Amino acid sequence: MSGPEAVQELIRLQDVTVTGSELQHNMVRVQQVNWSIRRGDYWVVTGAPGSGKSDLLSTAAGLQKPGKGTHLIFGKPIQQLNEEELIRERMKIGYVFQGGGRLFNQLSVQENIGLPICYHQDCPLSEAQEKIHTVLNLVEITSLARRRPSEITRNLHPRISLARALALQPEVLFIDNPLLGTDPNETAWWLKFLEKASTTPLIEGRKLTLVIAADDLRPWRSQGKQFAVIHEENWVEIGDARGLGGKSLELLNRFSGVNYNQA
Amino acid sequence: MTSTLPANETASTRRTYHPSLAQRYLSWIGLIIVRLLQTIHGLGAFALITMGVTLTKFYESSKVIHPLISSQIHRAGLRLLPMVTFLGFALGFVIIGQTVALLSRVGAQNYAGIVMVTVVVRELGPMVAALLVLARVGTAIVIELSTNRALGEVEALEALGIDPIHYLVMPRVLGLAISIFSLTVYLIIVALVGGYLFAFIQDVPLRPGDYFNQLVGSLRWEDFLLLALKTFSFGVVIAVVTCYQGLARPVRLEDVSAVTTGAVVQSVIACILLDAVFIVVYLLL
């Protein structure tokens, strides 16, 4: 691969086997993943709960090592990068964890968001205030800046985690199950925000490349551009929204128990 | 073995292996030795990684990391001062009460300084300060780090490009090393003064000038050097063991209490072994 195509392709997994964490005894979660994430993509990856979506996202984002196969991040094979190079490349990738976003509970919201900025720019929190307030404004939680996560409803934790991920101005944003446990208002906010992030330049004048993991595909059908399913340890690429029919629809109905024909 | 089996034993029964009590005991000892070696290997590797990060990244992100070192010194040093003052006086009272009064009765009060230096400066001072920090701060470190690990906050740090060893371990190692050194010096001073106060109350015929001269005469330059080395080593060992147990291996929330107990036991054993090494060094000097 060379030239503009290589530049457009941000992340590539080739014949990758995704394994679970050490606590899960490194068992195989997804096999034979061939996945290319290109600039401007909006991927929605679905699968039954426990099918390995989180492990797949962690692996694609470079947080977990693949069991087998080739993994390229911004054109560079991850296995050949040393620790510093890997961190440099990984900082172009934002990651929002599932179920509350794994915030640092001993820090306030603004300290949570300011930590990566201050750490990488070697500055005190006071000098990062402008950036912190920019992302707080972006995700509409400015009023929560001084509160600790434990003082805020868990419904909003993923949004704080999103602000923290955006603080480093990533090129690709991985979001693991953002609608898990959210109320209808919060669901509407997420869908609206992500649509805006994928269509209008939000950070540094560029649109975000998005990868979402979701238990239920229905809320995403109208805005996702590319879809894939994890089914019985297999990676099945459906394609765009037009692909959500025929065999793919049967597959979706089977694994989720939801009748996507009527939904 | 088969010749002793009854004639009606089937082949499958004969293949079943029933180890004797001695064999099971040996297996258990073997398992403990293997686990011990694995722990030593893991701790050694973790200590080397921490040392590497401390040497190469000490000045990196200093606006974030250096305040964390200060807060660890505050937590493991300043906040323990009242407790150390109490222990220092208690230690002084006990040692002077038991030894100096006795030495005076046999006319050997000239050895009071030597006893105080040997017992307080070389042995009890560093060990008491180290065990106090382990009890008050070491346990808290294991609990907070293992909880962080179990809740996935360590992975969140990695996702933000923040080195967990640099952000979580290095400040604790330096903080505990500096704190134990400072607390030991403070504890020794309090114990020596407290001890003399007790002797004074008990009417022991020992003038302050004589007591001070005995202390000065008993102290050698090696005492200062080895005291510094020993206390820093205690701090590093306690921090490395507690951070390793809390952070280096994946844990679940339900494992936190077991991990904490294990870390305390390992820290105490490591400190005693280290103390034994220093006793040998004192004897050789």
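About the thresholds
- Residues numbered from 1 in each chain as written.
- Chains lettered and ligands numbered in written order.
- Predicted model: local features only at pLDDT ≥ 70, side-chain atom pairs only at ≥ 80, totals over all residues.
- Helix = DSSP H or I, 4+ residues; strand = E, 2+ residues; numbered from the N terminus.
- Rg over C-alpha atoms; globule rule 2.2 N^0.38 Å.
- Buried ≥ 20, exposed ≤ 12 C-beta atoms within 10 Å, placed from the backbone.
- Contact = placed C-beta atoms within 7 Å.
- Core = buried A, V, L, I, M, F, W, Y, C linked by C-beta atoms within 7 Å.
- Nonpolar A, V, L, I, M, F, W, Y, C, P; charged D, E, K, R; others polar.
- pLDDT = per-residue confidence, 0-100.
- Expected span 1.5 Å × (residues − 1).
- Pairing = 2+ DSSP bridges.
- Axes fitted to C-alpha atoms, helices over the stretch in contact; angles between N-to-C directions.
- Parallel < 35°, antiparallel > 145°, perpendicular 65-115°, else oblique.
- Left-handed = near helix turned anticlockwise from the far one by under 90°.

## Comments concerning the overall build of chain B
No. 1: Regarding its fold elements, chain B presents 10 helices and 0 strands.
No. 2: Ordered by position from the N terminus, the helices and strands of chain B form the series α-α-α-α-α-α-α-α-α-α.
No. 3: In terms of overall dimensions, chain B is more spread out than a globule: its C-alpha atoms have a radius of gyration of 25 Å, far above the 19 Å expected for 285 residues.
No. 4: When the backbone C-alpha atoms are referred to their principal axes, chain B occupies close to 90 × 60 × 35 Å.
No. 5: The buried share among the 285 residues of chain B stands at 36%.
No. 6: Nonlocal contacts in chain B, meaning residues at least 24 apart in sequence, comprise 90% of its contacts between residues at least 6 apart.

## Overview of the overall build of chain A
No. 1: Looking only at helices and strands, chain A features 8 helices and 10 strands.
No. 2: Considering chain A as a whole, with its 263 residues, one finds that 40% of them fall into the buried category.
No. 3: Put simply, of all contacts in chain A between residues at least 6 apart along the chain, 66% involve residues at least 24 apart.

## Overview of the nonpolar core
No. 1: Within the largest apolar cluster, 132 residues are counted, with the highest numbers of intra-cluster contacts made by Phe174 and Val211 of chain A together with Val133 of chain B.
No. 2: Top contributing element to this core by residue count: helix α7 (residues 164-201) of chain B, with 18 residues.

## Some words on the interface of chain A and chain B
No. 1: Listed by partner, the interface residues are 19 residues for chain A and 16 residues for chain B.
No. 2: Listed by contribution, the elements that provide at least two residues to the side of chain A that touches chain B are α3 (83-90) and α4 (109-121) of chain A.
No. 3: Of the residues forming the side of chain A that touches chain B, the biggest block, 4 residues, is contributed by α4 of chain A.
No. 4: Taken together, the residues that form the side of chain A that touches chain B break down as 13 nonpolar, 2 polar and 4 charged.

## Some remarks on the confidence of the model for chain B
Residue and element names in this part refer to chain B.
No. 1: When the pLDDT values of chain B are averaged, the result is 88; 94% of them are 70 or greater.
No. 2: At the level of individual helices and strands, chain B shows its lowest average pLDDT in helix α1 (residues 11-15), which scores 56, and its highest in helix α3 (residues 62-76), which scores 96.
No. 3: Below pLDDT 50 for its whole length, residues 1-5 participates in 2 contacts with residues either more than four positions away or in separate chains.
No. 4: Interface confidence for the predicted complex, expressed as ipTM, amounts to 0.86; the pTM equals 0.86.

## Focus: unusual backbone geometry
Residue and element names in this part refer to chain A.
No. 1: In this model, Gln32 sits at a positive phi of 50°, which is unusual for a non-glycine residue.
No. 2: Here Gln32 shows up in strand β2 (residues 28-38).
No. 3: With 15 C-beta atoms counted inside 10 Å, the residue Gln32 sits in the partly exposed group.
No. 4: The backbone of Asn177 shows a phi angle near 50°, a positive value even though the residue is not glycine.
No. 5: Assignment of secondary structure puts Asn177 in the loop between β7 (172-176) and α7 (184-199).
No. 6: C-beta crowding within 10 Å serves as the criterion here: with 22 such atoms nearby, Asn177 is assigned to the buried category.

## Description of α4 of chain A
No. 1: In a regular helix each residue adds 1.5 Å, so 13 residues correspond to 18 Å; α4 of chain A covers 19 Å between its end C-alpha atoms and thus fits that length.
No. 2: Of all 13 residues in α4 of chain A, 10 are buried, a share of seventy percent or more.
No. 3: Restricting attention to buried positions, one finds in α4 of chain A the residues Val109, Gln110, Asn112, Ile113, Gly114, Leu115, Pro116, Ile117, Cys118 and Tyr119 of chain A.
No. 4: In this structure, the buried residues of α4 of chain A make contact with α5 (129-138) and α6 (157-166) of chain A together with α3 of chain B.
No. 5: A positive phi of about 50° marks Asp122 of chain A, the residue just after α4 of chain A.

## Notes on the environment of Glu111 of chain A
No. 1: Along the chain, Glu111 of chain A turns up in helix α4.
No. 2: Spatially, the C-alpha atom of Glu111 of chain A lies 9.1 Å from that of Arg148 of chain A, the residues being 37 residues apart in sequence.

## Here's the deal with the environment of Val251 of chain B
All names here are of chain B.
No. 1: Relative to the elements of secondary structure, Val251 occurs in the loop between α9 (221-248) and α10 (256-284).
No. 2: Since 21 C-beta atoms lie within 10 Å of it, Val251 is described here as buried.
No. 3: With near-sequence residues (within four places) excluded, Val251 lies in contact with Ser146, Arg149, Ala150, Val256 and Val259.

## A closer look at the pairing of strand β10 (residues 234-239) of chain A
Residues and elements named next belong to chain A.
No. 1: Relative to β10, strand β9 (residues 226-231) is paired through 5 bridges, and the arrangement is antiparallel. Bridge pairing links Ile230 to Trp235 in β10.
No. 2: Counted along the chain from β9 to the antiparallel partner β10, the turn is 2 residues long, and its residue Glu232 has a positive phi close to 45°.

## What to know about the environment of Arg147 of chain A
No. 1: In this fold, Arg147 of chain A is placed in the loop between α5 and α6.
No. 2: A sequence separation of 38 residues divides Arg147 of chain A from Val109 of chain A, and the C-alpha atoms of the two residues are 5.9 Å apart.

## Here's the deal with the packing of α3 of chain B against α7 of chain B
Residue and element names in this part refer to chain B.
No. 1: Direction vectors running N to C along α3 and α7 enclose 45°, while the axes themselves pass 8 Å from each other. With respect to their mutual orientation, α3 and α7 come out oblique. Both α3 and α7 take part in a crossing whose hand is right-handed. Counting all contacts with α3, which are made through Ile65, Leu68, Ile69, Gln72, Ile73 and Ala76, the residues of α7 involved are His166, Tyr167, Met170, Pro171, Arg172, Leu174, Gly175, Leu176, Ile178 and Ser179.

## Some points on the confidence of the model for chain A
No. 1: Of the residues in chain A, 88% have a pLDDT of 70 or more, and the chain-wide mean is 86.
No. 2: Contacts of residues 1-6 of chain A to residues separated by more than four positions or lying in other chains number 3 contacts, the stretch itself having pLDDT below 50.

## Some points on the packing of helix α2 (residues 21-57) of chain B against α9 of chain B
All names here are of chain B.
No. 1: Remark: α2 packs on α9, axes separated minimally by 10 Å, with the N-to-C direction vectors making an angle of 100°. In terms of orientation, α2 lies roughly perpendicular with respect to α9. Together, Gly42, Leu43, Phe46, Ala47 and Thr50 of α2 and Val240, Val241, Tyr244 and Ala248 of α9 make up the contact between the two elements.
No. 2: Its residues assigned to classes, the contact of α2 with α9 comprises 7 nonpolar, 2 polar and no charged.

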